[in-house]
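Below, each chain spelled out in residue letters.
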Amino acid sequence: MSGGALAASAANGQTLYNSARCFSCHGSTPAVNTSKIWNGISAQVTKNAFGAGGLMSGYMPALTGGVTLVDSDFNDLAAYIAGVRGVTATCIGGSCTTVTPAPAVTLSSTAAQAFGSVTTGTTSTAHSITLTNSGTAALSITSISTTNAAFAVSHTCGTSVAAGLGCTLNITYAPQVVGAASGNLSIVTNAGTNTVALSGSGIAPVVTAPTVSLSTASQAFGSVTTGTTSAAQTITLTNTGTAALNITSIGTSHAAFTVSHTCGTSLAATVSCVISTRFVPTVSGAVSSTLTLVTNAGSSPNTVTLSGTGVAPVVTAPVVSLSPAIGLNFSATVGTPTLAQTVTLTNSGTAVLTINSLSVTNVAFTVSHTCGTSVAVGASCAINIVFTPAVAGQTPANVVIATNASSTASTVAMVGTGMAVGVPTALLHWDSPVPFSFGTSVAVGTRLSHTFTLSNAGTATATSVLLALNGTDLADFQITGPCLATGGVALAPLSSCQITVTFAPTTGGAKSVSLGVTGQGGTLPAAIALSATALASTSGLTGAGVTPNNTSSAAASSGGCTLGAADQPIDPLWLLMLGAAAWVLRRRRFFPV
């Protein structure tokens, strides 16, 4: 940076003003007399300030980056300061010719500003252009405007821009009609007129509206037990439109269906929510309903069909099954306990069996069990009974089991026989000490049989043992077997014999007889009551696999009787004749004339 020419350059002076950092004390421009900067219109004054003994003495190297200013530099600084003030500078060496200060406009972009497509009734994003006064004098702003009202401009330039400073212009496009638009940005200053081309296109606005989309049109809940609530089924509601979906109500037309949802009162475009429904039937039968969705969508109201069937609850109850259930026989000498006999109790029902109490009706019997207070469905437990006779003779008793299965307690019949100590005696008993039934629906012409065992559990032989049927329906029952002998049979201790009773009805109706025992040498069992109900029609035959005319290849049975494969029922006339003959023989055998 050296002098040599007296011609003063305001432009070089501006550069020196900035590079010498004059702005740090005098402001960004000498437009204001900050710290007496206007005195700098005289080059000599500025030189003296930097000279020996001057105000800025010693600062030049620091301010100028180590470069020493010469007279031409001071002249250029004076020309710049004077130009900003609009006065004439005084240069070193006498009068000097200075470049006349003038403003100049520089735009950051002179290219056409294209705004593209903009929806009518809206305003585009602003395009910014920076205006800089690149001249040496203040730039006066006369006007900044556009030639088309669809384009608008705002700026920070005010009415004047000092040399070296700048301002910002923001241009926007706000079309009111559909179609292409063009115009110019016009900047009128004391430096002239500058223009920038503007263009854009107005487009019609997109019509926005909500749209309802449901994931299903129907829901079927199937069969649900009354008084219970089904599992939830869900419906997804999606707003597939372009505006918010306002939800007025979501409900069902029948109280048996309940609804809940996560939708709130409004659903933004493209957003989904979940509607949950449940079926809560109170009565049996088919139920239908409609889920109704009321919104601001054009398709409102939207509906979903709901259906379900209420069914009565399955009644569950425990059932007591006992094995054996036909009774128990005990025998022992007086004062001696028998070995325990076990009855198995099974809960064959569909609910837990509660044991309220388990007892025995005679103190000669003691009972223990593994049942606890309840028995699960399908589970079993053991009831153990021991007989300890206190006196000789028979002692009947029952095990009584009170449960929640019935208001009537379940029982197991027992007979215990006490034998005197040291006195041999016979003790006869049946294997079936309870009444026996051949069935309640036995067809006339059918033969059903059951075998009974008579045993001697005593210590002496029973003699003259006779078995006989007694009652009013003897013609319908017959007995056969080893226990029948003229004059009776003898049963040694621990021996037994069998007798088969056959029921062969010739007429319909209830039938009954008793099977009794007589004899000598000990205790005799009570008579067994035998019963059955005969039906005149063969269609009433009951029993597993029993038919009046069995033509199958397998034997059929019912109760204690069996029909062989392809057996034919006996003709009722033959039965009547056989029954009469049996009655005569029996009368002659047990009651000889």
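What counts and what doesn't
Note that residues are indexed from 1 along each chain, following the sequence as it is written. Given that the model is predicted, a residue must reach a pLDDT of at least 70 before its local features are reported, and side-chain atom pairs must reach 80 or more before they are shown or counted; all residues, however, enter totals for whole chains, interfaces and linings. With hydrogens and water stripped out, all remaining heavy atoms of the structure feed into the side-chain values. Secondary structure elements are defined from DSSP: runs of H or I of at least 4 residues count as helices, runs of E of at least 2 residues count as strands, and each element is numbered from the N terminus. Two residues form a contact once any of their heavy atoms are found within 4.5 Å. For the area figures, the Shrake-Rupley method with a 1.4 Å probe applies, and any residue is considered shielded solely by the protein chains shown. If DSSP finds at least two bridges between two strands, the strands pair. Lines fitted to C-alpha atoms define the axes here, with helix axes fitted over just the stretch in contact, and angles between the N-to-C directions of these axes take values from 0 to 180 degrees. By disulfide we mean two sulfur atoms from cysteines, separated by a distance within 2.5 Å. Pairing of aromatic side chains here covers Phe, Tyr and the six-membered ring of Trp, requires ring centres within 6.5 Å, and sorts the geometry by plane angle: under 30 degrees stacked, over 60 edge-to-face, intermediate tilted. Relative accessibility decides the category of a residue: with a 1.4 Å probe and only protein chains considered, values under 20% of the type maximum give buried, values over 50% give exposed, and everything between is partly exposed. Within this scheme, the nonpolar core is defined by two criteria: the residues are buried Ala, Val, Leu, Ile, Met, Phe, Trp, Tyr or Cys, and they are joined through side-chain atoms within 4.5 Å. What a helix is expected to span follows from its residue count: subtract one and scale by 1.5 Å. Should a side-chain nitrogen of Lys or Arg be within 4 Å of a carboxyl oxygen of Asp or Glu, the pair is scored as a salt bridge. Identification of polar contacts relies on pairs of N or O atoms within 3.5 Å, with a donor-acceptor requirement for protein atoms, meaning one able to donate a hydrogen and the other able to accept it, and with residues adjacent in sequence counted only if both atoms are side-chain atoms.

Our focus in this paragraph is the overall build of the protein chain. Regarding its fold elements, the protein chain presents six helices and 40 strands. Summarising the internal contacts of the protein chain: among those between residues at least 6 apart in sequence, 67% fall at separations of at least 24. Here the protein chain displays about 28,300 Å² of accessible surface, and carbon together with sulfur accounts for 57% of that area.

What follows covers the sheet that holds strand β1 (residues 105-107). The strand order across the open sheet formed by four strands is β1-β3-β7-β5, and the pairing between neighbours is antiparallel. With partners counted over all chains shown, the strands left at the sheet margins are β1 and β5 (151-155), one partner each. Within the sheet, the average angular offset between the axes of one strand and its neighbour, ignoring direction, is 25°.

To continue, consider the sheet that holds strand β26 (residues 393-403). Ordered in space as β20-β27-β26-β22-β24, the five strands form an open sheet in which the pairing is mixed. Only two strands of the sheet have a single partner each, and these edge strands are β20 (328-333) and β24 (374-375). Here β26 pairs with strand β27 (residues 410-419) via nine bridges, running antiparallel. Residue pairing for β27: proline 396 is matched across the bridge by valine 415.

With that out of the way, let us pick up the state of the cysteines. Scanning the model with the defined rule gives four disulfides in all. The disulfide bridge from cysteine 263 ends at cysteine 273, spanning 1.9 Å between sulfur atoms. Given an S-S torsion of about 85°, the disulfide between cysteine 263 and cysteine 273 has right-handed geometry. Linking cysteine 263 in the loop between β14 (257-261) and β15 (266-267) with cysteine 273 in strand β16 (residues 272-279), this pair joins segments that are ten residues apart in sequence. Through a disulfide, cysteine 483 is tied to cysteine 497; the S-S separation comes to 1.8 Å. Because the torsion about its S-S bond is 110°, the bridge between cysteine 483 and cysteine 497 counts as right-handed. Taken together, the residues span a long stretch of sequence, with cysteine 483 in the loop between β33 (477-480) and β34 (489-491) and cysteine 497 in strand β35 (residues 496-503) at a distance of 14 residues.

A few words now on the pairing of strand β17 (residues 285-295). For a regular strand, side-chain orientation follows a simple rule: the groups alternate between the two sheet faces. Bridging between strand β13 (residues 245-252) and β17 involves five bridges; their strand directions are antiparallel. Bridge pairing in β17 links glycine 251 to threonine 292. As judged from the nine bridges shared by β17 and strand β18 (residues 302-311), these two strands associate in the antiparallel manner. Bridging across to β18, leucine 293 finds its partner in asparagine 302. Where β17 hands over to β18, the hairpin turn is made up of six residues, counted between the paired strands.

So, on to the packing of aromatic side chains. By the definition in use, this model includes 14 aromatic pairs. Between phenylalanine 330 and phenylalanine 365 the ring centres are 5.6 Å apart and the planes differ by 75°, which places this aromatic pair in the edge-to-face class. Taken as a pair, phenylalanine 330 in strand β20 and phenylalanine 365 in strand β23 (residues 365-369) lie far apart in primary sequence, 35 residues in all. Its relative accessible area of 4% is what places phenylalanine 330 among the buried residues. Seen in terms of ring centroids, phenylalanine 330 and phenylalanine 387 are 6.3 Å apart; in terms of plane orientation they differ by 50°. Their pairing is tilted. With phenylalanine 330 in strand β20 and phenylalanine 387 in strand β25 (residues 380-387), the pair connects residues that are 57 residues apart, well separated along the chain.

What follows covers the nonpolar core. In this structure, Trp430, Phe452, Leu454, Leu467, Ile499, Leu515 and Leu530 are the most contacted members of the largest nonpolar core, which totals 32 residues. Contributing elements (two or more residues each) for this core: β28 (426-430), β31 (448-456), β32 (462-470), β33, β34, β35, β36 (509-520) and β38 (528-535). If near-sequence neighbours (up to four positions away) are discounted, leucine 515 is found in contact with Trp430, Phe452, Leu467, Ala468, Leu469, Ile499, Val501, Ala527, Ile528 and Leu530.

A word on helix α5 (residues 71-85). Taking 1.5 Å per residue, 15 residues should reach 21 Å; α5 reaches 21 Å between its end C-alpha atoms and fits that length. The buried fraction of α5 is high, at twelve of 15 residues. Buried residues of α5: Ser72, Asp73, Phe74, Asn75, Asp76, Leu77, Ala78, Ala79, Tyr80, Ile81, Ala82 and Gly83, and no others.

With three bridges joining them, β1 and strand β3 (residues 127-133) adopt antiparallel strand pairing. Within β3, the position partnered with threonine 106 by the bridge is threonine 132. Note: β3 against strand β7 (residues 166-173), six bridges, orientation antiparallel. Across the sheet, residue isoleucine 129 finds its bridge partner in β7, namely leucine 169.

Under the counting rule described, the total for this entry stands at two salt bridges. Its salt-bridge partner being aspartate 71, residue lysine 47 comes within 2.7 Å of it at the nearest N-O pair. Within this pair, whereas lysine 47 is found in helix α3 (residues 43-50), its partner aspartate 71 is found in helix α5, the two being separated by 24 residues in sequence. Judged by relative accessible area, lysine 47 falls into the partly exposed class, the value being 30%. For aspartate 71, a relative accessible area of 31% gives the class partly exposed. With a closest N to O distance of 3.4 Å, lysine 511 and aspartate 476 form a salt bridge. Residue lysine 511 is located in strand β36, and its partner aspartate 476 is located in the loop between β32 and β33; the two are separated by 35 residues in the primary sequence.

Mapped onto the elements, asparagine 133 comes out in strand β3. Of the polar contacts made by the side chain of asparagine 133, one reaches the backbone nitrogen of alanine 104; its length is 3.2 Å. A distance of 3.3 Å separates a polar side-chain atom of asparagine 133 from the backbone oxygen of alanine 162. Non-local contacts of asparagine 133, meaning those with residues more than four positions away in its chain, are made with Pro103, Ala104, Ala138, Leu139, Val161, Ala162, Ala163, Gly164 and Leu165.

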